[in-house]
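Read off the chains here:
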Amino acid sequence: MKITEILKNKKANLSFEVFPPKTLTNYESVLNAVKGIAELTPDYISVTYGAGGGTSDYTVSIAKEIKSLGITPLAHLSCISHNKSDVREKLVQLKEAGVENVLALRGDLPENFAGNLDYRYANELVEDVKKFGGFCIGAACYPEGHPQSQTLFSDIEHLKRKADSGCDFLTTQMFFDNDIYYSFLSKVQASGIFQPVIPGIMPVTNAAQTKRITSMSGTYLPTRFRRIVDRFGNNPLAMKQAGIAYATEQIIDLYANGIKAVHVYCMNKPDVAAAIKANLSEILC
């Protein structure tokens with residue numbers, strides 16, 4: 001099923017994200033995590049595409065496994081280190097696997113990359129996926145601005161190009177203050193972007209995650225969130241419980257404010273995904 005159809009079918013949607021293994025030796029453990037998350041019957045499961053395409057071979061196979069489990073897959077596809085022939089080959093593979101949804105991303109340029117660039121921006125990939133045909137196309141957006149953009153407004157200008165190139169929905173990077181998302185949504189709509197903007201929520205279950213989050217993306221961490229990490233960061237079980245509770249509160253607030261779909265970055269952790277869904281059991285009915 002295409003995600004645009006899913007978004008029309010239910011009042012409240014919940015989806016999860018998984019990432020493929022870096023090596024074949026870890027494939028089985030990732031597959032077990034995928035199966036555990038699939039048992040929760042999310043509306044769809046997205047599969048990431050490693051930086052520079054490092055896990056790209058596994059993205060297609062994991063997406064195919066998700067589909068075999070009766071869950072709609074969303075396959076990420078990044079273009080920065082690929083030529084147009086590579087992209088077409090991946091699209092053929094996805095189509096043959098029965099995958100109908102693609103999240104079109106620029107991706108991060110691999111270290112010491114010396115090749116030619118057929119793609120410089122994600123909107124160019126969106127255009128090619130649209131021309132290929134048959135896919136529901138998603139794209140990424142950044143409520144606090146892309147780290148490489150000078151301003152949020154210039155970033156929204158780039159987002160408008162992606163929207164106009166043919167993407168069907170948008171998914172945000174993680175955020176920890178819902179007011180940032182609501183403000184971003186207003187700016188996006190004012191710029192003429194009317195595709196659904198699905199908020200991405202990450203349950204932070206250990207203190208080390210906060211360091212990675214801030215170093216990689218510069219995401220704003222509210223005082224209330226920082227206090228949770230300061231108080232419970234040295235107690236793994238307490239931090240996990242508090243992180244799940246914080247994410248749950250974000251999700252409930254989003255639903256209460258009329259947002260129909262939420263995407264959860266659960267980091268291949270079925271127990272975290274299960275706890276989130278259990279906390280929303282009556283809300284999702």
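Residues numbered from 1 in each chain as written. Predicted model: local features only at pLDDT ≥ 70, side-chain atom pairs only at ≥ 80, totals over all residues. Heavy atoms only, no water.

**Q** For the packing of aromatic side chains, give the residues involved together with the corresponding values.
**A** Across all of its chains, the model carries 6 aromatic pairs by this definition. For the pair phenylalanine 175 and tyrosine 181, a centre-to-centre distance of 5.4 Å together with 10° between the ring planes defines the contact as stacked. In this structure, phenylalanine 175 and tyrosine 181 share a single accessibility class: buried. Aromatic side chains phenylalanine 176 and phenylalanine 225 sit 4.8 Å apart centroid to centroid with 35° between the ring planes, which places their arrangement in the tilted category. Of this pair, phenylalanine 176 sits in the loop between strand E6 (169-174) and helix H7 (178-190) while phenylalanine 225 sits in helix H9 (residues 223-232), and the two are 49 residues apart along the sequence. Connected via pairs of aromatic rings, a cluster forms that spans Phe175, Tyr181 and Tyr182. (Phe/Tyr/Trp six-rings, centres within 6.5 Å; stacked < 30°, edge-to-face > 60°. Buried < 20%, exposed > 50% of the residue type's maximum accessible area, 1.4 Å probe, protein only. Helix = DSSP H or I, 4+ residues; strand = E, 2+ residues; numbered from the N terminus.)

**Q** Any chance you could break down the sheet that holds strand E8 (residues 261-264) for me, citing the residues and the numbers?
**A** With parallel pairing, the 8 strands of this closed barrel are ordered in space as E1-E2-E3-E4-E5-E6-E7-E8. On average, adjacent strands in this sheet sit at an angle of 30° to one another, irrespective of strand direction. The sheet contact formed by strand E3 (residues 73-78) and strand E4 (residues 101-105) spans 4 bridges and is parallel. Each residue of the ladder has a partner; that of leucine 77, found in E4, is alanine 104. (Pairing = 2+ DSSP bridges. Axes fitted to C-alpha atoms, helices over the stretch in contact; angles between N-to-C directions.)

**Q** Quick rundown of the pairing of E3? Include the residues and the values.
**A** Most of E3 is tucked away, with 6 of its 6 residues classed as buried. Across the two faces of E3 the burial is the same, with Pro73, Ala75 and Leu77 and Leu74, His76 and Ser78 all buried. With 3 bridges joining them, strand E2 (residues 45-47) and E3 adopt parallel strand pairing. Bridge assignment links valine 47 to a residue of E3, and that residue is alanine 75. At this point the chain moves from E3, through helix H4 (residues 84-96), to the parallel E4, and the crossover so formed is right-handed. (Right-handed = clockwise from strand over helix to strand, strands pointing away.)

**Q** Would you mind going over H4 in detail, with residue names and values included?
**A** With 13 residues, H4 should cover 18 Å at 1.5 Å per step; its first-to-last C-alpha distance of 18 Å lies within 8% of that length. Looking at H4, one finds that the buried residues are Val87, Lys90, Leu91 and Leu94. The buried side chains of H4 occupy one side of the element, clustering within an arc of 100° when seen end-on. Every exposed residue of H4 that faces more than 90 degrees away from the buried side is listed here: Ser85, Arg88 and Glu96. Buried positions along H4 lie against helix H3 (56-68), E3, E4 and helix H5 (122-132). (Expected span 1.5 Å × (residues − 1). Arc of directions from axis to C-beta. Contact = heavy atoms within 4.5 Å.)

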